[in-house]
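Below are the chains, spelled out letter by letter.
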2 protein chains.
Amino acid sequence: MSSTARQDNVIFLTNRVGRQLARVMLERMEFEEFLPQGTHMGLLSDLMEHDGMRQQDLAISTIKDKGTVARALNHLEQGQFIERRIDPHDRRQKHIYLTEKAHRLWHYAAERARRTIDIASHEITPEDMHTCVKVLQKMYTNLHDELSQNEKE
Amino acid sequence: MSSTARQDNVIFLTNRVGRQLARVMLERMEFEEFLPQGTHMGLLSDLMEHDGMRQQDLAISTIKDKGTVARALNHLEQGQFIERRIDPHDRRQKHIYLTEKAHRLWHYAAERARRTIDIASHEITPEDMHTCVKVLQKMYTNLHDELSQNEKE
DNA sequence: CGTTAACCGTTGCAAACGCAACTACTTTGT
DNA sequence: ACAAAGTAGTTGCGTTTGCAACGGTTAACG
C-alpha cells in the first residue's frame, strides 16, 4: 500500500478503483427474480440519460465492442429491461428504450450507488472529488478522440 | 457526450477511463515474440514496486480473483517474465520474482504508458491531475478497507 | 499429540469480453 | 439505375474473469 504517488499509475489505478466501485455497489444486490449482471448497469446508466440511443452509440459511450453490447442487450431485453425499436428511416439502426421495470431497477440501484460513493469518498473534500470527476471526464473525451482518430487510419 | 458533471457517474466513469487508458497504451504494442496480454501488465506494475510479492497479495492489490491471478502468472511464467519460488518457511506460499526479460518489457512499456498519459492529460493542469490521482488513491484504500471488512463477517 | 480450523494456490465452470467474419440495409459514384 | 463501398447489428471463436470446490500445508486448541 506504500505506492508512491507517481502519476504513472493512473492507468492501473483507474482500472482498479473502477472495478472496486462496481464490486462494492453490486454486493448483495438483488432485484426481484432477475438481476442484470453488474456489467450491464453501465448501459442502463447511459440510457437513463439518453433514452432511445442507438446501439452503436451505446457501444461508443460505454467503450465496449458492438458485439458485446448486442449480447448484453439480448440479456436485458430478455429480462424486459429494454426494448429494441428499428429506426423507421434507416432499417439498419435500432434504438434502445428503457422499460418501466428498468426505471424501478435504476431507482433501487441508485441508492446503493450513492452509498458506495459515500464509502469511497470518505475523508475526501467535495472540491477534490469534483476536480477528480472533472479530470476523468476530460481524460474520457481526450482518449475518445484519440481512439476514433486511430480508427480512421 | 453531454453528460452532466454529476458525481453519480464516478463508478462508470472510472471503469471506462481505465479501460480506455489500457487500450490506448496497448495499441500496436509488440514485444519480441511474446506479448503479455495487457491485462497482465497490472501484475508487473505491482511487482516492479515490490519484487517477491506473494501471490495472495498480488490478488489483493490488483483486485483480482486469486484464480485469475494464478492463471495470469502461469502465462507470464511460460513467457519467462516471472518466476515462482516457494517460501521455505511456509510451503503454501509462493513468492513471485521478475526476470530480466520482464524488466526489459517494462522499460519498453513505460514509454508507451507515458505517451498514453500525455494524450489523456491534454489540457488538464498538473495540479488537477495530481489531485485526481490523490483522490483515486484515497478511494482505493477506502474501498479496500470496506471490502476486507465485509469479508470478515 | 491429534483433531479441527484456517490458509494459499490450483482447477472446473459459466459469464462477459474483443476481434473478425457475416448479413442486411443504405449511400455513393458513374 | 446499378454496381461498389460503407454502415448497423449479429454470430463464432478464443481469452479473461469471478465464483466455488478442491488439495496440500500450517496454525489453534483441547
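The structure presented is a predicted model; accordingly, all values stated were derived computationally and were not measured.

Once that is clear, we can look at the overall build of chain A. When its secondary structure is counted, chain A shows six helices and two strands. At a minimum sequence separation of 6, the contacts of chain A that also span at least 24 residues come to 57%. Accessible surface for chain A amounts to roughly 8,400 Å². Of this, 49% is attributable to carbon and sulfur atoms.

Near DNA strand D there are 24 residues, and of these Q55, Q56 and R71 of chain A together with Q37 and T39 of chain B occur at the shortest range. Within the contact set of DNA strand D, a phosphate oxygen lies 2.5 Å away from a side-chain nitrogen or oxygen of Q55 of chain A. Here a base oxygen of DNA strand D sits 2.4 Å away from a polar atom, N or O, in the side chain of R71 of chain A. In terms of residue count, the dominant contributor to the surface near DNA strand D is helix α4 (residues 66-78) of chain A (four residues).

Here the focus is the nonpolar core. If you look at the biggest cluster of nonpolar residues, it comprises 85 residues, and the most contacted ones within it are M139 of chain A together with M139 of chain B. Setting aside anything within four residues of it in sequence, one finds M139 of chain A in contact with V10 of chain A together with V17, Q20, A120, I124 and M129 of chain B.

With that settled, the discussion passes to the packing of aromatic side chains. This model, assessed by the stated rule, comprises two aromatic pairs over all chains. Between F12 of chain A and W106 of chain B, the aromatic rings sit 6.3 Å apart at their centres with planes inclined by 25°, giving stacked as the arrangement. Within this pair, whereas F12 of chain A is found in helix α1 (residues 10-26), its partner W106 of chain B is found in helix α5 (residues 100-120), the two belonging to separate chains. Here R85 of chain A stacks its cationic end above the ring of Y97 of chain A, 4.0 Å away from the centre of that ring. The cationic tip of K101 of chain B hangs over the ring face of F81 of chain B; the distance from NZ or CZ to the ring centre is 4.9 Å.

Residue and element names in this part refer to chain B. Here helix α2 (residues 41-49) crosses α5 at 105°, and the two axes come no closer than 11 Å. Accordingly, the angle class assigned to the pair α2 and α5 is roughly perpendicular. Touching M41, L44, S45 and M48 of α2 are H103, L105, W106 and A109, all from α5.

Let's shift gears to the interface of chain A and chain B. Tallying the contact residues gives 68 residues for chain A and 68 residues for chain B. Carbon and sulfur atoms supply 64% of the area that chain A and chain B bury against each other, a total of about 6,800 Å² over both sides. For the pair chain A and chain B, the interface holds six salt bridges. Contributing elements (two or more residues each) for the side of chain A that touches chain B: α1, α2 (41-49), α3 (55-62), α5 (100-120) and α6 (126-152) of chain A. With 21 residues, the single largest contributor to the side of chain A that touches chain B is α6 of chain A. Its residues assigned to classes, the side of chain A that touches chain B shows 29 nonpolar, 23 polar and 16 charged.

Another aspect to go through is the pattern of salt bridges. Under the criterion given, the structure shown has 16 salt bridges over all chains. A salt bridge links E77 of chain A to R84 of chain A, with the shortest nitrogen-to-oxygen separation between them at 3.3 Å. A relative accessible area of 19% places R84 of chain A in the buried class. Where D128 of chain A meets K134 of chain B, a salt bridge forms, and the shortest distance between an N and an O atom there is 3.5 Å. On the criterion of chain membership, the pair formed by D128 of chain A in helix α6 and K134 of chain B in helix α6 (residues 126-152) is interchain, its members lying in two chains.

Residue and element names in this part refer to chain B. In this structure, Q56 sits in helix α3 (residues 55-62). Residue class for Q56 comes out partly exposed when judged on its relative accessible area of 41%. A C-alpha to C-alpha distance of 6.6 Å links Q56 and K66, two positions ten residues apart in sequence.

Residues and elements named next belong to chain A. Residues of chain A with pLDDT of at least 70 account for 87%, and the chain-wide mean is 87. Here α6 is the element of chain A with the lowest mean pLDDT, 87, and strand β2 (residues 94-98) is the one with the highest, 98. With pLDDT under 50 throughout, residues 1-5 is counted as low confidence; its partners more than four residues away or in other chains account for eleven contacts.

Rules behind the numbers
- Residues numbered from 1 in each chain as written.
- Chains lettered and ligands numbered in written order.
- Predicted model: local features only at pLDDT ≥ 70, side-chain atom pairs only at ≥ 80, totals over all residues.
- Heavy atoms only, no water.
- Helix = DSSP H or I, 4+ residues; strand = E, 2+ residues; numbered from the N terminus.
- Contact = heavy atoms within 4.5 Å.
- Areas by Shrake-Rupley, 256 points an atom, 1.4 Å probe, with all protein chains shown as cover.
- Near = heavy atom within 4 Å.
- Polar contact = N/O pair within 3.5 Å; in protein donor to acceptor, adjacent residues only side chain to side chain.
- Core = buried A, V, L, I, M, F, W, Y, C linked by side-chain atoms within 4.5 Å.
- Buried < 20%, exposed > 50% of the residue type's maximum accessible area, 1.4 Å probe, protein only.
- Phe/Tyr/Trp six-rings, centres within 6.5 Å; stacked < 30°, edge-to-face > 60°.
- Lys NZ or Arg CZ within 6 Å of the ring centre and 35° of its normal.
- Axes fitted to C-alpha atoms, helices over the stretch in contact; angles between N-to-C directions.
- Parallel < 35°, antiparallel > 145°, perpendicular 65-115°, else oblique.
- Buried area = accessible area lost by both parts, 1.4 Å probe.
- Salt bridge = Lys/Arg side-chain N within 4 Å of Asp/Glu carboxyl O.
- Nonpolar A, V, L, I, M, F, W, Y, C, P; charged D, E, K, R; others polar.
- pLDDT = per-residue confidence, 0-100.

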